[in-house]
Amino acid sequence: MVQKITMQATNTQKEDKFATLVGQFGRWQFLVFASVSLVKLSSGWVQMAILFLTPNVAFWCSNLDSNETVENNTCYTDCVEYSYDASPFENTIITEWDLICERRWLASFTQTVLQLGILIGSIIFGFLSDRYGRKNTFLVSIVALIAIGFGIPYSPNYEVFTALRFFLGVATAGTMVISFVIVMESVGAKYREVFGCLFQIPFIVGHMTVPLFAFYLRNWNTYTLALAIPSLIYLGYFFTLTESPRWLVSVGRVDEATRIVKKVAIINKLPTSKIEDTLKKLAEEISGSEKNRPNYSDLFGTALRWKTICLCVMWLTVGVTFFGFNQYISQTSPDPFISVAAAGAIQIPSNLLSIWLISRLGRKWTTSAFFILGGVFIMVLAVVPNKFWITLTLGTLGVSCAAIVAASIYIYSSELYPTVVRNMGMGACSMSMRFGSMIAPFISNLSMTVPWLPNVIFGLAPIVAGVLCLCLPETRGSVLPDSMNDVREGIKSDK
């Protein structure tokens, strides 16, 4: 018992030292949050753009090499050429590259490739960020995002288009994983839940505004070009972004951290005395506990193995349910512009509600409860009468629960991993989510053969994840661990 109190006191003191130097939240933290979170707009545009690149289009054979009667939306083995009615769009990638009949699967495949790129990018950028720093790795992902985004509208064929979408996914993963960690390492423990949830709002805004681009730009290449242009504003990060001082201390670069922290203290109107001495002591504590440079294998070491397994399963479920619920909502209206915007708008109040929930109930109980509640809503869909208002209500509630889980699990996961592997841990979690988002469409398609099976899978998966979440420790108000030793000591103190 004495050892437990001692360990907690030591960790609290270390956190208080860093928080005393930069403040829990001030002008500098606000500037970091306001600027870095803007990159999430592109995350929404990139992932939701497919809804208006591959809409349902009517087609017919306009040059049939026989006297057979031609019917709309029917494939013919001897058809020489097809014509299309893409209304309300002028041209889509389906009409551009004849993604119908035996090539129909290619329309969905391009989105699967994008998610595969995000999956791989999460691993790559998570590792590079922990090894070479948040700032430089983030800037690399920004440059790649802009360059590839401007290349996509000029794709000469489907193969180039899909390849570029893959690399766009890789770059997008870098911006998502690193930007969140930058924000979490900047604000103090008292504000992590608030800004961790608010950080997701730009993604939702991006989701909601995709229909505006599509409504006014009905051609696929002008549409994708318009989505790429706003990303030019991210070049401003080259002039405004600084390295995470917490990361600099964790790798022993105290002089650089001192210069940044002194500037932060001045911006936040805090004293600048004893900053260097304090940071040196923190760096010594971390370096003294880390004999080797951490890598992905540490995520599955004794100290983090169970946490990583639980979190990966939970994030996999988030990917399946979040994209599955949103797909359901988008299919409730014959107007794609309204349905997609509504699916995004419903997430804003849920996201704001999650701020209150995780500060009152804690990370673990909020995540677990809404995993289970969302699963129940979807399970009920399988047995209630098939009436529009009933299915729409339950589907909307399911999306709301998924949005709350998505907001809370970001914060929860970042607080469970120490600084030295935090980006790698978040990258592994994001990778699991991408697996979920990649298999979600295939689960939905099961309704064509076994109508009740998608509801069971979408319902049972979050219930299982919610129960699994209860096996993890609560992190509300806790110290952000910096080293692997902090995690080991936390395990010992819990015994």
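Note: the structure precedes this text.
Below is a summary of the structure that appears in this document.

Criteria and thresholds
- Residues numbered from 1 in each chain as written.
- Predicted model: local features only at pLDDT ≥ 70, side-chain atom pairs only at ≥ 80, totals over all residues.
- Heavy atoms only, no water.
- Disulfide = S-S within 2.5 Å.
- Helix = DSSP H or I, 4+ residues; strand = E, 2+ residues; numbered from the N terminus.
- Buried < 20%, exposed > 50% of the residue type's maximum accessible area, 1.4 Å probe, protein only.
- Phe/Tyr/Trp six-rings, centres within 6.5 Å; stacked < 30°, edge-to-face > 60°.
- Lys NZ or Arg CZ within 6 Å of the ring centre and 35° of its normal.

1. A word on the state of the cysteines
Item 1. Applying the stated rule across the entire model yields two disulfides.
Item 2. Note on cysteine connectivity: C61 is disulfide-linked to C79, with sulfurs 2.1 Å apart. Across the S-S bond linking C61 and C79, the dihedral sits near 105°, which makes this disulfide right-handed. Taken as a pair, C61 in strand β1 (residues 58-64) and C79 in strand β2 (residues 79-85) lie far apart in primary sequence, 18 residues in all. Considered together, C61 and C79 belong to a single accessibility category, that of buried residues.
Item 3. Here C75 is linked by a disulfide to C101, with a sulfur-sulfur distance of 1.9 Å. Since a negative S-S torsion denotes a left-handed disulfide, the C75-C101 link at about -100° is left-handed. Here C75, found in the loop between β1 and β2, pairs with C101, found in the loop between α5 (93-97) and α6 (105-132); they are 26 residues apart in sequence, far enough to count as distant.
Item 4. Under the relative-accessibility criterion, C75 is labelled partly exposed at 41%.
Item 5. The connectivity of the disulfides in the chain is 1-3, 2-4, where the numbers refer to bonded cysteines in sequence order.
Item 6. Here C469 is not disulfide-linked; the sulfur of C310 is the nearest cysteine sulfur, at 8.5 Å.
Item 7. According to the relative accessible area criterion, C469 is buried, its value standing at 0%.

2. Remarks on the packing of aromatic side chains
Item 1. In the structure shown here, the tally under the stated rule is 23 aromatic pairs.
Item 2. Judged by centre distance (5.4 Å) and plane angle (65°), the ring pair of W105 and F109 falls under edge-to-face. In this pair, W105 and F109 are both assigned in helix α6, four residues apart and thus about one turn of the helix distant.
Item 3. Judged by its relative accessible area of 54%, W105 falls in the exposed class.
Item 4. Aromatic rings pair up to connect F52, F89, F215, Y216, Y223 and F337 into one cluster.
Item 5. The side chain of R218 reaches across the aromatic face of F215, ending 4.7 Å from its centre.

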